[in-house]
Amino acid sequence: MKDADIIETMVSKLRVPVGRHLYGVVGSYDALERFSRSLLDAKTPDGLPFPEPISINKGIFAAIPENEFKRLAEDEPRYPEVIRVRLAQAFEEFLRLTLRKGLVVMRDLEVLFTYDLDLSPFRTLCTDKQRAVLLLPGERSGERICMFGSDDTFLPVDLIASDHLWILR
């Protein structure tokens, strides 16, 4: 779909006051950057501009105190599962805090996939007034979304409803 068509459809869905409000836009990094600029020029149903995209990677790392982060980085080769659990906690903390703002646009999901973090907090937390648009670097391959141009990293099929997921052209 074209940027303007996606935005128009998304705004129409954002007008619904209750329910799941997790949206995804899939495309190459360049296409997502172009879409981000189009989105910043658009208005939400409240007549406000769409917010600047927020980096999930940076948000997760910022949720971990610096001294703990340094220790985790040193321990990663020996205790990868401990690191994964702590990153999952930081992800959920970041997501809960960020979604308090209402509508957010998020990018940079690489850490989530690198550490195989559970993405279900998106589904459980993005309801009613807590709304998120995920900018997903990838491409459709049949019924699946291949992330980051990888043949073995997929977006979970049940994460985003099919009518809330758009592919950029």
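Look up a bit, the structure's there.
Source: prediction; values computed, not measured.

S.K.: What am I meant to see in the overall build of the protein chain here?
M.R.: Summing up its helical and strand segments, the protein chain has seven helices and six strands in all. Its helices and strands in sequence order give the protein chain the pattern α-β-α-β-α-α-α-β-α-α-β-β-β, from N to C terminus. Taken over C-alpha atoms, the radius of gyration comes to 16 Å for the protein chain, in line with the 15 Å a tight globule of 169 residues would show. For the C-alpha atoms alone, the extent of the protein chain along its principal axes is close to 50 × 35 × 25 Å.

S.K.: Even after reading the chapter, I still don't get the pattern of salt bridges, so can you show me in this structure?
M.R.: Under the defined criterion, the tally for this structure stands at eleven salt bridges. Residue Asp163 is joined to Lys13 by a salt bridge in which the shortest nitrogen-to-oxygen separation is 3.4 Å. Note that Asp163 is positioned in the loop between strand S5 (144-147) and strand S6 (165-167) and Lys13 in helix H1 (residues 3-14), a separation of 150 residues in sequence. Residues joined by salt bridges that share partners form a network here, namely Glu68, Arg86 and Glu93.

S.K.: Looking at this structure, how should I read the packing of aromatic side chains?
M.R.: Each pair of aromatic rings is reported with the distance of its centres and the angle of its planes. The tally for this structure, following the rule as stated, stands at four aromatic pairs. Ring plane angle 10° and centroid distance 6.0 Å describe the contact between Tyr23 and Trp166, whose orientation is recorded as stacked. Highlighted residues: Tyr23 in strand S1 (residues 22-27) and Trp166 in strand S6, separated in sequence by 143 residues. By relative accessible area, Tyr23 is classed as buried at 0%. Ring plane angle 70° and centroid distance 5.2 Å describe the contact between Phe61 and Phe69, whose orientation is recorded as edge-to-face. Here the guanidinium or amino end of Arg144 rests over the ring plane of Phe154, the centre of that ring lying 3.7 Å away.

S.K.: Help me understand the environment of Ala4, please; the structure alone is not making it clear to me.
M.R.: Inspection of the secondary structure assignment puts Ala4 in helix H1. The class of Ala4 is exposed, set by a relative accessible area of 55%. A C-alpha to C-alpha distance of 8.9 Å links Ala4 and Phe35, two positions 31 residues apart in sequence.

S.K.: Is there a simple way to explain the side chain of Asn57 in this structure?
M.R.: Within the element layout of this structure, Asn57 appears in helix H3 (residues 56-62). The class for Asn57 is buried, based on a relative accessible area of 15%. With near-sequence residues (within four places) excluded, Asn57 lies in contact with Asp108, Leu109, Glu110 and Val111.

S.K.: Looking at this structure, how should I read the nonpolar core?
M.R.: A general feature of soluble globular proteins is that nonpolar side chains tend to end up buried together. Counting 34 residues, the largest nonpolar core has Ile56, Leu112, Phe122, Leu136 and Leu155 as its most contacted members. Element by element, the count of residues in this core is highest for helix H5 (residues 80-99), at seven residues. Sequence-distant contacts of Ile56, that is, excluding residues within four places in its chain, are made with Phe91, Phe94, Met106, Arg107, Asp108, Leu109, Leu112, Phe122 and Leu134.

S.K.: Any chance you could explain the pairing of S1 here in plain terms?
M.R.: For a regular strand, side chains alternate in direction, first toward one face of the sheet and then toward the other. For S1, a buried count of six out of six residues is recorded, marking the element as mostly surrounded by other parts of the structure. Of the two faces of S1, the one holding Leu22, Gly24 and Val26 and the one holding Tyr23, Val25 and Gly27 are both buried throughout. Bridge count between S1 and strand S4 (residues 131-141): six bridges; the pairing is parallel. Bridge assignment links Val25 to a residue of S4, and that residue is Leu135. Inspection of the sheet shows S1 paired to S6 by three bridges, in the parallel sense. In the sheet register, Val26 faces S6, and the bridge partner there is Ile167.

S.K.: It is not clear to me how the environment of Arg123 should be interpreted in this structure. Could you clarify?
M.R.: Within the secondary structure layout, Arg123 lies in helix H7 (residues 120-125). Setting aside residues no more than four positions away along its own chain, Arg123 makes contact with Arg20, Leu22, Asp158 and Leu159. A polar contact of 3.3 Å, which involves the side chain of Arg123, links it to the backbone oxygen of Leu159.

Basis of the calculations
Residues numbered from 1 in each chain as written. Predicted model: local features only at pLDDT ≥ 70, side-chain atom pairs only at ≥ 80, totals over all residues. Heavy atoms only, no water. Helix = DSSP H or I, 4+ residues; strand = E, 2+ residues; numbered from the N terminus. Rg over C-alpha atoms; globule rule 2.2 N^0.38 Å. Salt bridge = Lys/Arg side-chain N within 4 Å of Asp/Glu carboxyl O. Phe/Tyr/Trp six-rings, centres within 6.5 Å; stacked < 30°, edge-to-face > 60°. Buried < 20%, exposed > 50% of the residue type's maximum accessible area, 1.4 Å probe, protein only. Lys NZ or Arg CZ within 6 Å of the ring centre and 35° of its normal. Contact = heavy atoms within 4.5 Å. Core = buried A, V, L, I, M, F, W, Y, C linked by side-chain atoms within 4.5 Å. Pairing = 2+ DSSP bridges. Polar contact = N/O pair within 3.5 Å; in protein donor to acceptor, adjacent residues only side chain to side chain.

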